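Coordinates in review
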Amino acid sequence: MGRPRTFDTDQAIEKAMQVFWTHGYEGASLPDLLDGMGLTRGSLYKAFTDKKTLFLKVLEHYEGKAVASAVALMLDSSIPNGADRILTVFTNSYRAVTEGDRRGCLLCTAAAGPSMYDDEIAAVVSQGLGAMRDAMDDALNASPRHRDLPDSERSALADMLISQYVGLRTMARARIDSKTLRNAVRSVGVMLA
């Protein structure tokens, strides 16, 4: 009979998320993960099977944390104008950069990396970004300027906004200068005004 697990799985996934978020999927080496999670190789493989399985659990955790938070903000009816909710998501992303967090969005990083060649990772990324896009569509429906648009136009605007979001978060990770990032957020504000 094997020894019982001596670590908290949720805490290990949170720690792994920080490693993947900093280094990306490809850049996160096994030693990085072991060090960041405080686990031995045997414990990691016994609990998570392999790096990809761990990454899928990390993406699910990230969706439950960061994506769910952004979706909740965009669905928050205490902010009457849905366009303001969307702009707040963009502004918060820019604020994170000005406060020193250049990691961008873990889903956006995965979209530009392993989801290009791995169907399972692509499905999780698509699910998370789809939830963001759908929340943007719902928020536009609560915007006085956008609620009366035909559904197809409002949907197209939501598609464009999620692509702007992915672009902003990817540019932040690429260390694009703050002025360019600020202008990207301002352009979203102009589109939503």
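Up top is the structure.
In this report, the structure presented in the accompanying data block is examined. (Residues numbered from 1 in each chain as written. Predicted model: local features only at pLDDT ≥ 70, side-chain atom pairs only at ≥ 80, totals over all residues. Heavy atoms only, no water.)

A look at the overall build of the protein chain
The test is simple: Numbering of helices and strands runs from the N terminus; a helix is a DSSP stretch of H or I covering at least four residues, while a strand is a stretch of E covering at least two. Accessible area is worked out with a 1.4 Å probe on protein chains only. A residue is then buried under 20% of its type maximum, exposed over 50%, and partly exposed in between.
The helix and strand inventory of the protein chain stands at nine helices and zero strands. The secondary structure elements of the protein chain, listed N-terminal to C-terminal, are α-α-α-α-α-α-α-α-α. Here the C-alpha coordinates of the protein chain stretch approximately 65 × 35 × 30 Å along the principal axes. Here the protein chain holds 193 residues, and the buried ones make up 43% of them.

Notes on the packing of helix α5 (residues 82-98) against helix α9 (residues 178-192)
Just so we agree on the cut-off: Here, axes are lines fitted to C-alpha atoms. For helices the fit covers the stretch in contact, and angles between N-to-C directions go from 0 to 180 degrees. With respect to orientation, any angle under 35 degrees is reported as roughly parallel, any angle over 145 as roughly antiparallel, any angle of 65 to 115 as roughly perpendicular, and every other angle as oblique. What makes two residues a contact is simply this: any of their non-hydrogen atoms within 4.5 Å. Charged means Asp, Glu, Lys or Arg here, nonpolar means Ala, Val, Leu, Ile, Met, Phe, Trp, Tyr, Cys or Pro, and polar covers whatever is left, Gly included.
At a closest axis distance of 10 Å, the pairing of α5 and α9 adopts a crossing angle of 180°. The angle between the axes of α5 and α9 places the two elements in the roughly antiparallel class. Residue-level inspection shows Ala83, Ile86, Leu87, Phe90, Thr91, Tyr94 and Val97 of α5 in contact with α9, the latter providing Ser178, Leu181, Arg182, Val185, Val188, Gly189 and Leu192. Among the residues making up the contact of α5 with α9, the classes are represented as 10 nonpolar, three polar and one charged.

Digging into the packing of helix α1 (residues 9-27) against helix α4 (residues 51-74)
Working note: a packed helix pair is described by the angle between its axes plus the distance between those axes. At their nearest, the axes of α1 and α4 sit 9 Å apart, and the two run at 105° to each other. What the angle tells us is that α1 and α4 run roughly perpendicular. Contacts between α1 and α4 involve Ile13, Glu14, Ala16, Met17, Phe20, Trp21, Tyr25 and Glu26 on the former and, on the latter, Lys51, Lys52, Leu54, Phe55, Lys57, Val58, His61, Tyr62 and Lys65. A per-class count over the contact of α1 with α4 returns 10 nonpolar, one polar and six charged.

Comments concerning the layout of surface pockets
The condition that has to hold: In this analysis the probe radius is 1.4 Å and the grid spacing 1 Å, with only protein atoms considered; a cavity is a set of points the probe fits into but cannot get out of, a pocket is an open set with protein on both sides within 12 Å along at least five of seven lines, and lining residues have an atom within 4 Å of a point. Grid points are joined across faces, edges and corners, and a volume is the space filled by probe spheres set on the points.
Of the voids in this model, the largest pocket is the one considered here, and its volume is about 450 Å³. Lining the largest pocket are 25 residues; nearest its centre among them are Tyr62, Ala66, Ser93, Tyr165 and Arg169. If you list the elements that add at least two residues to the lining of the largest pocket, you get α1, α4, α5, α7 (119-141) and α8 (151-173). Top contributing element to the lining of the largest pocket by residue count: α4, with seven residues. Of the residues in the lining of the largest pocket, the class split is 18 nonpolar, four polar and three charged.

Side note on α7
For clarity, the threshold we go by: Any helix carries an expected span of 1.5 Å times its number of residues minus one. We define a polar contact as two N or O atoms separated by no more than 3.5 Å, with the added condition that, inside protein, one atom must be a possible hydrogen donor and the other a possible acceptor, whereas residues neighbouring each other in sequence contribute only through side-chain atom pairs.
Taking 1.5 Å per residue as the helical rise, α7 with its 23 residues ought to reach 33 Å, and the 32 Å between its terminal C-alpha atoms agrees with that figure. Residues of α7 that are buried: Ile121, Val124, Val125, Gly128, Leu129, Met132, Arg133, Ala135, Met136, Asp137, Ala139 and Leu140. Buried residues in α7 make contact with α4, α5, α6 (106-111), α8 and α9. Among the residues of α7, the N-terminal cap falls to Asp118, whose side-chain oxygen and the backbone nitrogen of Glu120 are separated by 3.0 Å.

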